[in-house]
Amino acid sequence: MDYQRSSSELKEDMADDKKGKDKSSKKKKKNGATSESKHERVMVLAFDLQTFILRARVLKLYRQALRVAHLAPTNVRGELRQTIRQEIEKNQNCDDKQKIRFLISEGLERVKTLDEMLDMQGH
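Residues numbered from 1 in each chain as written. Predicted model: local features only at pLDDT ≥ 70, side-chain atom pairs only at ≥ 80, totals over all residues. Heavy atoms only, no water.

Colleague: Give me the lowdown on the overall build of the chain, citing residues and values where you can.
Modeller: Across its full length, the chain carries 5 helices and 0 strands. Residues counted as buried form 17% of the 123 residues belonging to the chain. Sequence separation of at least 24 residues holds for 55% of the intrachain contacts in the chain that already meet a minimum separation of 6. Summed over its atoms, the accessible surface of the chain is roughly 9900 Å², and 53% of this surface lies on carbon and sulfur atoms. (Helix = DSSP H or I, 4+ residues; strand = E, 2+ residues; numbered from the N terminus. Buried < 20%, exposed > 50% of the residue type's maximum accessible area, 1.4 Å probe, protein only. Contact = heavy atoms within 4.5 Å. Areas by Shrake-Rupley, 256 points an atom, 1.4 Å probe, with all protein chains shown as cover.)

Colleague: Outline a positive patch on the surface, supporting the account with residue identities and numerical values.
Modeller: The grouping of Arg57, Lys60, Arg63 and Arg67 at the surface amounts to a positive patch. Relative to the elements of secondary structure, Arg67 occurs in helix H3 (residues 49–70). (Patch = residues over 30% accessible without salt bridge, like charges linked within 9 Å, V, L, I, M, F, W, Y side chains within 5 Å. Salt bridge = Lys/Arg side-chain N within 4 Å of Asp/Glu carboxyl O. Lys, Arg positive; Asp, Glu negative; His and termini not counted. Charge placed at Lys NZ, Arg CZ, Asp CG, Glu CD.)

Colleague: Give a detailed account of the layout of surface pockets, specifying residues and quantitative values.
Modeller: To locate leftover empty space, one rolls a probe as large as a water molecule over the atoms. Space inside the largest pocket adds up to approximately 1000 Å³. In terms of lining residues, the largest pocket is bounded by 31 residues, among which Val58, Leu61, Glu87, Ile88 and Asn91 are the most central. Mapped onto the lining of the largest pocket, the elements with two or more residues apiece are H3, helix H4 (74–90) and helix H5 (97–120). The element that contributes the greatest number of residues to the lining of the largest pocket is H5, accounting for 9 residues. In terms of residue class, the lining of the largest pocket is made up of 16 nonpolar, 6 polar and 9 charged. (1 Å grid on protein atoms, 1.4 Å probe; cavity = no way out; pocket = protein on both sides within 12 Å on 5 of 7 lines; lining within 4 Å. Points joined across faces, edges and corners; volume = space filled by probe spheres on them. Nonpolar A, V, L, I, M, F, W, Y, C, P; charged D, E, K, R; others polar.)

Colleague: Give me the lowdown on the nonpolar core, citing residues and values where you can.
Modeller: Of all hydrophobic cores here, the largest spans 9 residues; its members are Leu61, Ala65, Val68, Ala69, Ala72, Ile84, Val111, Leu114 and Leu118. At the level of secondary structure, the elements contributing two or more residues to this core comprise H3 and H5. Looking at this core element by element, the count peaks at 4 residues for H3. Non-local contacts of Val68, meaning those with residues more than four positions away in its chain, are made with Val111, Leu114, Asp115 and Leu118. (Core = buried A, V, L, I, M, F, W, Y, C linked by side-chain atoms within 4.5 Å.)

Colleague: Now, about a nonpolar patch on the surface: what can you tell me, with residues and values included?
Modeller: Together, Leu45, Phe47, Leu49, Phe52 and Ile53 make up a nonpolar patch on the protein surface, roughly 520 Å² of accessible area in all. For Phe47, the position within the fold is in the loop between helix H2 (23–31) and H3. With relative accessibility at 37%, the residue Phe47 sits in the partly exposed group.

Colleague: Can you explain H5? Please cite residues and give values.
Modeller: With 24 residues, H5 extends 35 Å from end C-alpha to end C-alpha; this agrees with the ideal 34 Å at 1.5 Å per step. Buried within H5 we find Ile100, Ile104, Gly107, Val111, Leu114 and Leu118. Where H5 is buried, its residues touch H3 and H4. Positive phi appears at Gly122, one or two residues downstream of H5, with a value of about 85°. (Expected span 1.5 Å × (residues − 1).)

Treat this as a map of the structure, not an account of what it does.
Shown next, in the form of structure tokens:
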């Protein structure tokens, strides 16, 4: 994406958006034929602080689980990674913050148990 744009280009784009014009065709005329991906907009999700922190905790749990899975024997490593991913994806649309907290604590317990079990086996 082209992030270094002049203020006149930004104002022009804002005016085009208000008028409902197709700005990608206007840019093509100005800059020649370019790829469509250069003109796509990035959607930014806005989270409140609590949601942001919960999301960070879920990602931390996911990374931690993958690190522990890497300690497993090679013949089961792939299946273990797949199971971890499925568990995360199964609950990815959950909006209930209390349930997310519960799932995180449950996941931490499962990762701890797996880590201890692998440690006992000498992996």
